[in-house]
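Architecture and fold: a report
Now for the letters of each chain:
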Amino acid sequence: VPGVLMTPVSSILEACNAGHSNPEPLWRRSLRGTTPRCAREVVFGLGLNNMADFFEEAVPKEVATSKLARNALGSIVAGVVAGYFSHVPHNLSTLKMLEPHTSYAAHWASLVHIARTTRLPPRLPPRSANVLANVLTLFLPAGLAIRTTQIVGSFCLLNGISHALG
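What this report covers is the structure whose coordinates are included nearby.

Rules and cut-offs
Residues numbered from 1 in each chain as written. Predicted model: local features only at pLDDT ≥ 70, side-chain atom pairs only at ≥ 80, totals over all residues. Heavy atoms only, no water. Helix = DSSP H or I, 4+ residues; strand = E, 2+ residues; numbered from the N terminus. Contact = heavy atoms within 4.5 Å. Areas by Shrake-Rupley, 256 points an atom, 1.4 Å probe, with all protein chains shown as cover. Lys, Arg positive; Asp, Glu negative; His and termini not counted. Charge placed at Lys NZ, Arg CZ, Asp CG, Glu CD. Expected span 1.5 Å × (residues − 1). Bend = angle between axes of the 7 residues up to and from the residue. Patch = residues over 30% accessible without salt bridge, like charges linked within 9 Å, V, L, I, M, F, W, Y side chains within 5 Å. Salt bridge = Lys/Arg side-chain N within 4 Å of Asp/Glu carboxyl O. Buried < 20%, exposed > 50% of the residue type's maximum accessible area, 1.4 Å probe, protein only. Axes fitted to C-alpha atoms, helices over the stretch in contact; angles between N-to-C directions. Parallel < 35°, antiparallel > 145°, perpendicular 65-115°, else oblique. Left-handed = near helix turned anticlockwise from the far one by under 90°. Nonpolar A, V, L, I, M, F, W, Y, C, P; charged D, E, K, R; others polar. Polar contact = N/O pair within 3.5 Å; in protein donor to acceptor, adjacent residues only side chain to side chain. Core = buried A, V, L, I, M, F, W, Y, C linked by side-chain atoms within 4.5 Å.

**Some details on the overall build of the protein chain**
Within the protein chain, the regular secondary structure consists of seven helices and zero strands. Its helices and strands in sequence order give the protein chain the pattern α-α-α-α-α-α-α, from N to C terminus. Taking the intrachain contacts of the protein chain between residues at least 6 apart in sequence as the baseline, contacts between residues at least 24 apart amount to 64%. Entry remark: accessible area of the protein chain is about 9700 Å², with carbon and sulfur atoms responsible for 70%. One finds the centroid of the 14 positive side-chain charges in the protein chain at a distance of 12 Å from the centroid of its 8 negative side-chain charges.

Quick look at the structure:
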């Protein structure tokens, strides 16, 4: 539920930064890419609210003796998981907001093309290159490490503050 509730706020914030690329009115821009953005926010919410607690409880006391250290380790693992599973929806929602008249299929094709031309050897047979580019785009998308690091930092900060206050 937190992810679904956060989607409109996230949509408006992102639409405020997309005016340079999409001249539509703010209210319309904020609706572009809502479905994948909602998926991203749900994964983020599950990571922050559920997975972090689950992974915190799974940290053995021999690995981390203090509650704060277990909280940080749980947040790191949850951030990596949430970053991984939310990255493709994030890419699609952002592309749809920036270029609303381009279909999701065309956006996907552009991500696959980038993976094929920048991340694979040029001498691969075309069929193999296409399959591998789709696999890379889905399972190891460009920008994953940077965005996951941002999410890990957010989780550590938010859960650390919550831990300190609670």
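Once you've had a look at it, read on.
**Some thoughts on helix α3 (residues 34–58)**
Here α3 spans 34 Å end to end across 25 residues, near enough to the 36 Å set by a 1.5 Å rise per residue. G47 marks the point of greatest bend in α3, at about 40 degrees. Along its buried surface, α3 packs onto α1 (2–16), α4 (67–98), α5 (104–119) and α7 (144–165).

**A look at a nonpolar patch on the surface**
Residues V63, L73, I76, V77 and V80 make up a contiguous nonpolar surface patch of about 380 Å² in total accessible area. Mapped onto the fold, I76 is located in helix α4. Classification of I76 by relative accessible area gives partly exposed; the value is 36%.

**Side note on the packing of α1 against α3**
Packed helices, taken two at a time, are described by their axes: the angle between them and the distance between them. One can describe the packing of α1 onto α3 by two numbers: an axis separation of 8 Å at closest approach and a directional angle of 125 degrees. With respect to their mutual orientation, α1 and α3 come out oblique. Between α1 and α3 the crossing geometry is right-handed. Of α3, the residues touching α1 (which contributes P2, G3, V4, M6, T7, S10, S11 and E14) are T34, R37, C38, R40, E41, V42 and N49. Residue classes in the contact of α1 with α3 are distributed as five nonpolar, six polar and four charged.

**Focus on the environment of E56**
Here E56 lies in helix α3. Take E56: its relative accessible area is 8%, and that puts it in the buried class. Apart from residues lying up to four places away in sequence, E56 is in contact with K67, R70, N71 and G74. In this structure the side chain of E56 is engaged in a polar contact, spanning 2.2 Å, whose partner is the side chain of K67.

**Looking at the side chain of H87**
Mapping H87 onto the fold places it in helix α4. Sequence-distant contacts of H87, that is, excluding residues within four places in its chain, are made with P141, A142, G143, L144 and R147.

**Here we look at the nonpolar core**
With seven residues, the main nonpolar core is built from L48, M51, A52, A78, A82, I151 and F155. Elements with a minimum of two residues in this core: α3, α4 and α7. Counting residues per element, this core draws most heavily on α3, at three residues. In this structure, M51 is in contact with V43, L46, A78, V81 and A82, ignoring residues within four places of it in sequence. Core analysis: the second largest hydrophobic core is formed by five residues, V112, L120, A133 and L136 among them.

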